[in-house]
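# A structural walkthrough
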Amino acid sequence: MHSSKYLPACFLLILSTTSVSAQQMTLNPGARVLLAVSNTDPNAIRVSDDQIVAVQATQGVLTARTPTPDGGVVFSTVSEKPFTLFVQTASGYSFSAQATPGKRPGLTLTVDNPAVRGTAEAGKWEQSHSGYSGLISGLVNRFVTNRMPAGYVYTKNMSMPVSDSVLRVFSLRPVTAWQGDRLRIVRTDVTSISRQRLKLSERYFWSPGVMAVSFHPRLDVLEPGRSVSVIVLYRTKGGRDEH
């Protein structure tokens, strides 16, 4: 009886300990980060919407490196001293880590690149629309209905520049964003913090690089305390907004 009650608690402890080693972080290209890795269990690193092509360290530090189906890498080390790890992906994105090894559960790390770009397919999809308005309406419609075009990727770059006057009457909560070849589309939920009814206007959310602003659902007026999604389409170049 004692053993049957003890084992589930033990399993829960193991699961809890293991989950602590799973991490997700957003790193700019070329960033350096501190990581606690295991020298007793395998460690795993993946980069969202990309494929790791190289994981390098001082010769002999890594005892195994194995690619995973999702484009990540599983690696092992028996080192007891800190070492530097260099990671590079197929898109040219890279970062480094100061790794501190120890007897702990294996690290599972997912890295998001805020400057991620869509693939060549995204460019083909954008160029397949001969009309400016057709491209805008097509992408906004796909975004609202969650039908991502071929080659597009999710991005952590959910920035939506607004003026101080907008921030005085709305609270903003970034929700999601897609990045194509030359276009980035962002959804931000805005809530009225004003005591007055607010007439919604697209011009509140215009800034350099904006191609279109849309509200979902379509509203003309926002009551105090109510929310609406603002969808903004930006023109981008080289993975960076033309601000």
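Here goes a summary of the coordinates provided. Everything numeric here is computed off the predicted structure, so don't read it as measured data.

## What about the nonpolar core?
Of all hydrophobic cores here, the largest spans 24 residues; its most connected members are Leu27, Leu35, Ile45, Leu85 and Phe95. The set of elements that each furnish at least two residues to this core consists of β2 (32-38), β3 (43-47), β4 (52-56), β6 (73-77), β7 (83-89), β8 (94-102) and β9 (108-112). Beyond its immediate stretch of four places on either side in the chain, Leu35 contacts Met25, Ala97, Gln98, Ala99, Thr100, Leu107 and Leu109.

## A word on the sheet that holds strand β1 (residues 22-26)
Read from one edge to the other, the open sheet built from 5 strands follows the order β1-β9-β3-β6-β5, with strand pairing classed as mixed. Edge positions in the sheet fall to β1 and β5 (62-67), since each of these pairs with one other strand and no more. Neighbouring strand axes in the sheet, compared pairwise and without regard to direction, differ in orientation by 20° on average. Pairing geometry for β1 and β9, over 5 bridges, is parallel. Each bridged residue has a counterpart across the sheet, and for Met25 the counterpart in β9 is Val111.

## A look at the environment of Val232
Counting through the fold element by element, Val232 comes out in strand β16 (residues 227-237). Accessibility expressed as a relative area gives 0% for Val232, which makes it buried. Every residue in contact with Val232, bar those within four places of it in the chain, is listed here: Met160, Arg184, Ile185, Val186, Phe205, Val210, Ala212 and Val213.

## Here's the deal with the sheet that holds β8
The mixed open sheet is built from 4 strands, whose spatial order is β2-β8-β7-β4. Across the chains shown, the open sheet's two edge strands, defined by having one partner strand only, are β2 and β4. Ignoring strand direction, the axes of neighbouring strands in this sheet form an average angle of 30°. Pairing geometry for β4 and β7, over 4 bridges, is antiparallel. Bridge pairing in β7 places Ile52 opposite Thr89.

## A short note on helix α2 (residues 120-127)
For α2, the set of buried residues is Ala122, Gly123, Trp125 and Glu126. Projected down its long axis, α2 carries its buried residues within an arc of 160°, all on one side. In α2, the exposed positions that point more than 90 degrees away from the buried face belong to Ala120, Lys124 and Gln127. Buried residues belonging to α2 abut α3 (132-144) and β12 (183-192).

## Notes on α3
The first and last C-alpha atoms of α3 sit 19 Å apart over 13 residues, in line with the 18 Å expected at 1.5 Å per residue. Residues Leu135, Ile136, Leu139, Val140 and Phe143 constitute the buried set of α3. In a view along the axis of α3, the buried residues occupy a sector of 115°, so they form one face of it. Of the residues flanking the end of α3, it is Asn146, one or two places downstream, whose phi is positive at about 55°.

So, how was this worked out
Residues numbered from 1 in each chain as written. Predicted model: local features only at pLDDT ≥ 70, side-chain atom pairs only at ≥ 80, totals over all residues. Heavy atoms only, no water. Core = buried A, V, L, I, M, F, W, Y, C linked by side-chain atoms within 4.5 Å. Buried < 20%, exposed > 50% of the residue type's maximum accessible area, 1.4 Å probe, protein only. Helix = DSSP H or I, 4+ residues; strand = E, 2+ residues; numbered from the N terminus. Contact = heavy atoms within 4.5 Å. Pairing = 2+ DSSP bridges. Axes fitted to C-alpha atoms, helices over the stretch in contact; angles between N-to-C directions. Arc of directions from axis to C-beta. Expected span 1.5 Å × (residues − 1).

Shape is all these values report; function is a separate question.
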